[in-house]
Amino acid sequence: MAEILVVTSKIKKLIAEKTEFNTSGEFIDALSHRVENLCLEAAARARVDKRKTVKARDLI
């Protein structure tokens, strides 16, 4: 299992409060994986632009 990159309690609270649904551990793992991919893709865009800083605009 990879490192969890999201705050599990905050994600579960958000989903429960906004939707009244429960959140599985499997969802947290998948969300964390997606966050990791988003970060790596954004860093790749920054690299193409010859920057050392990943910015919001890299989250296309």
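Remember, predicted model here, so these are calculated numbers, not experimental data.

## Observations regarding the pattern of salt bridges
Between side chains of opposite charge, pairing is possible as soon as their charged atoms come close.
Alright, step 1. Counted by the stated rule, this structure contains 3 salt bridges.
Alright, step 2. Across the salt bridge formed by E17 and K13, the nearest N and O atoms sit 4.0 Å from each other. On the criterion of helical spacing, the pair formed by E17 and K13 is a turn pair, its members being 4 residues apart in helix α1 (residues 8-19).
Alright, step 3. Judged by its relative accessible area of 55%, E17 is exposed.
Alright, step 4. Ionic pairing is found between R51 and D49, a salt bridge with its closest N-O pair at 3.1 Å.

## A short note on the packing of α1 against helix α2 (residues 25-48)
Alright, step 1. Remark: α1 packs on α2, axes separated minimally by 11 Å, with the N-to-C direction vectors making an angle of 110°. What the angle tells us is that α1 and α2 run roughly perpendicular. Between α1 and α2 the crossing geometry is right-handed. Residues T8, I11 and I15 of α1 form the contact with α2, whose participating residues are F27, I28 and L31.

What counts and what doesn't
- Residues numbered from 1 in each chain as written.
- Predicted model: local features only at pLDDT ≥ 70, side-chain atom pairs only at ≥ 80, totals over all residues.
- Heavy atoms only, no water.
- Salt bridge = Lys/Arg side-chain N within 4 Å of Asp/Glu carboxyl O.
- Helix = DSSP H or I, 4+ residues; strand = E, 2+ residues; numbered from the N terminus.
- Buried < 20%, exposed > 50% of the residue type's maximum accessible area, 1.4 Å probe, protein only.
- Axes fitted to C-alpha atoms, helices over the stretch in contact; angles between N-to-C directions.
- Parallel < 35°, antiparallel > 145°, perpendicular 65-115°, else oblique.
- Left-handed = near helix turned anticlockwise from the far one by under 90°.
- Contact = heavy atoms within 4.5 Å.

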